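These are the residues of each chain, in order.
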Amino acid sequence: MAFDVSLLGMGYFSLDAAAVDKSPSEMVITDDKKETYYIVSREVYEDGPQQEGYKIIVNEGE
């Protein structure tokens, strides 16, 4: 069963905007196309997007 991307919440079209909006305990992820960025916690990332090939662009604390 594929991961439901709607569970990630609002997507950002700018990496800079997503990086500014995230809290220190969150990370910014994106898919292979790097068109949309999502702010998520590590738990959310590990529960689905990681298995679907999403990559961490900005880690926690950055």
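Residues numbered from 1 in each chain as written. Predicted model: local features only at pLDDT ≥ 70, side-chain atom pairs only at ≥ 80, totals over all residues. Heavy atoms only, no water.

**Brief notes about the environment of I56**
Item 1. Structurally, I56 can be placed in strand β3 (residues 55-58).
Item 2. Judged by relative accessible area, which is 29%, I56 ranks as partly exposed.
Item 3. Separated by 16 residues in the primary sequence, I56 and V40 place their C-alpha atoms 9.9 Å from one another.
Item 4. Apart from residues lying up to four places away in sequence, I56 is in contact with M27, V28, I29, R42 and Y45. (Helix = DSSP H or I, 4+ residues; strand = E, 2+ residues; numbered from the N terminus. Buried < 20%, exposed > 50% of the residue type's maximum accessible area, 1.4 Å probe, protein only. Contact = heavy atoms within 4.5 Å.)

**Looking at the pattern of salt bridges**
Item 1. Evaluation of the coordinates by the stated rule reveals 2 salt bridges.
Item 2. Where R42 meets E46, a salt bridge forms, and the shortest distance between an N and an O atom there is 3.8 Å. A residue pair is termed a helical-turn pair when its members lie 3 or 4 positions apart in one helix, as R42 and E46 do in helix α2 (residues 42-46) at 4 residues.
Item 3. With relative accessibility at 37%, the residue E46 sits in the partly exposed group.
Item 4. For R42, a relative accessible area of 27% corresponds to the partly exposed category. (Salt bridge = Lys/Arg side-chain N within 4 Å of Asp/Glu carboxyl O.)

Read these as spatial facts, not as claims about activity.
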